[in-house]
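Remarks on the overall topology
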Amino acid sequence: MNAYDNALRQLEKAAKLMDLDPEVVARLSAPEKIVMASLPVRMDDGHLEVFQGYRVQYNSARGPYKGGIRFHPQVDLDEVKALAFWMSIKTAVVDIPMGGGKGGVVVDPKSLSKTELERLSRAWVRAFRQVIGPEKDVPAPDVYTTPQIMAWMADEFSTLEGKPSIGVVTGKPLDYGGSKGRGAATATGGFYVFMKLIEDTDIKPNKTKVAIQGFGNAGSIMAELLDNEKFIIVALADSKAHIYNDKGLDLEKVFAHKESTGSLAGFSGAKEISKEEFLALDVDVLVPAALENQITKDNAEDVKAKFVVELANGPLTPEADEILYKKGVVVIPDVLANAGGVTVSYFEWLQNISNNYWTEEEVDKELREKMIPAWEAIYQMSKDKKVDFRTASFMVALHRIAKAIQAKV
Ligand code: GLU
């Protein structure tokens with residue numbers, strides 16, 4: 001289960017159905033550039049650790065590379081390539097003038113002190129400074145990278161450039177060039193698409209059970225948004241525990257517990273279940289908001305949800321996709337469901353380079369104006385070509401990327 005193999009299979013499937021120009025397929029079958037670097041970091045106790053860092057610049061046909069940096073022990077080159085490829089599709093899905101890239105560091109950031117994390121973040125920028133920049137490649141947060149880390153990175157880059165150059169990364173804190181609405185954007189974008197999808201159905205939120213895997217930036221905010229609409233959040237999961245209460249979880253208490261203990265484990269208002277049980281729960285909506293390859297050919301048959309909203313990148317393998325499609329499960333794919341994050345990142349970048357900041361209302365209006373047409377184009381494509389939403393998303397995006405590539409030949 002290699003994420004990059006999965007990504008290329010998704011490309012192949014859509015390319016075949018739309019008869020995509022083989023030259024475009026060739027261009028998209030490998031990254032434009034891969035940069036790897038050792039990141040030496042002095043630890044608090046005086047010893048030196050060397051971390052492996054990556055930046056994959058996948059495709060820039062539509063604009064500067066765009067995509068997050070992941071700090072996680074399981075990061076490897078193929079994962080970063082897959083994530084960078086998906087960013088190329090994602091930016092085209094929401095039709096923002098940017099390409100796709102991704103970065104990573106093989107590290108367990110939870111084992112680092114704050115000062116070690118700062119030195120690692122700054123070391124990442126020093127190692128990749130030649131290839132990033134507001135007009136070249138604009139990183140952002142991803143799994144276990146935060147606004148604070150983006151602030152250190154923007155500061156390091158500005159110092160190296162000898163001038164403020166904060167448009168080099170997005171997802172920064174509000175006090176240092178961040179955009180209103182960026183923190184909630186990933187979940188908000190997915191929420192808008194999901195609400196649009198169920199608009200004409202007879203689904204009643206207070207009769208609809210939801211399970212959300214992942215309680216980071218995307219998953220926890222999605223829980224809040226759905227809870228506000230009176231959906232019943234029956235199960236949540238983080239890296240430590242899967243918790244379940246068929247009557248619904250008291251979200252306020254869950255947040256308080258997570259805040260005080262650092263995890264969902266031991267939450268008194270629910271029972272703990274296994275990951276297998278979690279993914280097979282009898283819920284209406286399943287929101288994978290953690291890592292790749294969660295639903296595979298081995299457990300897709302067990303999924304009982306009618307809707308899967310992919311806030312994570314790559315949580316379903318291509319085999320799982322096919323099984324779920326045959327079962328009639330509706331999947332809102334990652335490249336659409338979580339595209340609100342990069343969309344507001346693009347708005348942040350626009351605000352940085354024009355030095356002109358938007359109100360919360362402006363950001364929200366612009367986000368809707370990207371998400372809803374993206375959804376409509378994909379919905380139409382899926383109807384016209386009788387394909388699932390992932391394939392339709394790829395077809396919409398690939399048309400746009402192909403036009404940009406072909407305009408130059
Ligand atoms: N890491 C996020 C993603 O996978 C955000 C990327 C960005 O804002 O550039 O979409």
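Residues numbered from 1 in each chain as written. Predicted model: local features only at pLDDT ≥ 70, side-chain atom pairs only at ≥ 80, totals over all residues. Heavy atoms only, no water.

Moving on: the pattern of salt bridges. What the rule picks out here adds up to 28 salt bridges. Glutamate 319 is the partner of arginine 9 in a salt bridge, and the nearest nitrogen-oxygen pair spans 3.0 Å. Taken together, the positions of arginine 9 in helix H1 (residues 3-18) and glutamate 319 in helix H10 (residues 318-327) put the pair 310 residues apart, joining distant regions of the chain. Given the relative accessible area of 28%, glutamate 319 is considered partly exposed. Note that lysine 13 is salt-bridged to aspartate 388, the shortest N-O span being 3.5 Å. Placement of the pair is lysine 13 in helix H1 and aspartate 388 in the loop between helix H13 (360-385) and helix H14 (389-406), with a sequence separation of 375 residues. Aspartate 388 sits in the buried class, given a relative accessible area of 15%. (Salt bridge = Lys/Arg side-chain N within 4 Å of Asp/Glu carboxyl O. Helix = DSSP H or I, 4+ residues; strand = E, 2+ residues; numbered from the N terminus. Buried < 20%, exposed > 50% of the residue type's maximum accessible area, 1.4 Å probe, protein only.)

So, about the packing of aromatic side chains. Any pair of aromatic rings gets described here by the distance separating the centres and the angle formed by the planes. For the structure shown, the criterion picks out 14 aromatic pairs. Seen from their ring centres, phenylalanine 191 and tyrosine 192 are 6.3 Å apart, and the 50 degrees between their planes marks the pair as tilted. We note that phenylalanine 191, like tyrosine 192, is buried. By the ring-pair criterion, three or more aromatic residues cluster together here, those being Tyr4, Tyr58, Phe85 and Phe394. One Lys or Arg, arginine 368, reaches over the ring of tyrosine 192 and ends 4.1 Å from the middle of that ring. (Phe/Tyr/Trp six-rings, centres within 6.5 Å; stacked < 30°, edge-to-face > 60°. Lys NZ or Arg CZ within 6 Å of the ring centre and 35° of its normal.)

Turning our eyes to something else, we now look at the nonpolar core. Counting 93 residues, the largest nonpolar core has Ile212 and Leu236 as the members making the most contacts within it. Top contributing element to this core by residue count: H14, with eleven residues. Setting aside its immediate chain neighbours within four residues, isoleucine 212 contacts Gly219, Met222, Ala223, Leu226, Ile233, Ala235, Leu236, Ala237, Phe278, Val287 and Ala289. Within the second largest apolar cluster, 28 residues are counted, among which are Leu39, Met43, Trp124 and Val169. (Core = buried A, V, L, I, M, F, W, Y, C linked by side-chain atoms within 4.5 Å. Contact = heavy atoms within 4.5 Å.)

Turning to the site of the ligand, a few remarks are in order. As a structural note, the neighbourhood of the ligand is formed by 14 residues, with Lys66, Lys90, Pro141, Asp142 and Ser345 the closest of them. In this structure, lysine 90 approaches the ligand through a side-chain N or O atom, which is 2.6 Å from an oxygen atom. In the environment of the ligand, an oxygen atom lies 2.9 Å from a nitrogen or oxygen atom belonging to the side chain of lysine 102. Surface burial for the ligand is 94%, taken as the share of its 300 Å² of free accessible area covered by protein chains. Of all the elements, helix H12 (residues 339-354) adds the most residues to the shell around the ligand, at three residues. (Near = heavy atom within 4 Å. Polar contact = N/O pair within 3.5 Å; in protein donor to acceptor, adjacent residues only side chain to side chain. Areas by Shrake-Rupley, 256 points an atom, 1.4 Å probe, with all protein chains shown as cover.)

This part is about unusual backbone geometry. Backbone geometry at lysine 230 places phi at a positive 80 degrees, although glycine is not the residue there. Judged by relative accessible area, lysine 230 falls into the exposed class, the value being 57%. One non-glycine residue, lysine 386, adopts positive backbone phi at about 55 degrees. The residue lysine 386 is located in the loop between H13 and H14 in this model. When its relative accessible area of 69% is taken as the criterion, lysine 386 is described as exposed.

This brings us to the sheet that holds strand S12 (residues 307-309). An order of S10-S9-S8-S7-S11-S12-S13 is seen for the seven strands of this open sheet, with the pairing classed as mixed. Only two strands of the sheet have a single partner each, and these edge strands are strand S10 (271-273) and strand S13 (330-332). Each neighbouring strand pair of the sheet contributes to a mean axis angle of 25 degrees, computed without reference to strand direction. Contacting strand S11 (285-288), S12 and S13, helix H6 (residues 182-197) runs over the sheet at an angle of about 150 degrees to S13. Sitting on the sheet, helix H7 (residues 217-228) is in contact with strand S7 (209-213), strand S8 (232-237), S11 and S12, with an inclination near 165 degrees to S7. (Pairing = 2+ DSSP bridges. Axes fitted to C-alpha atoms, helices over the stretch in contact; angles between N-to-C directions.)

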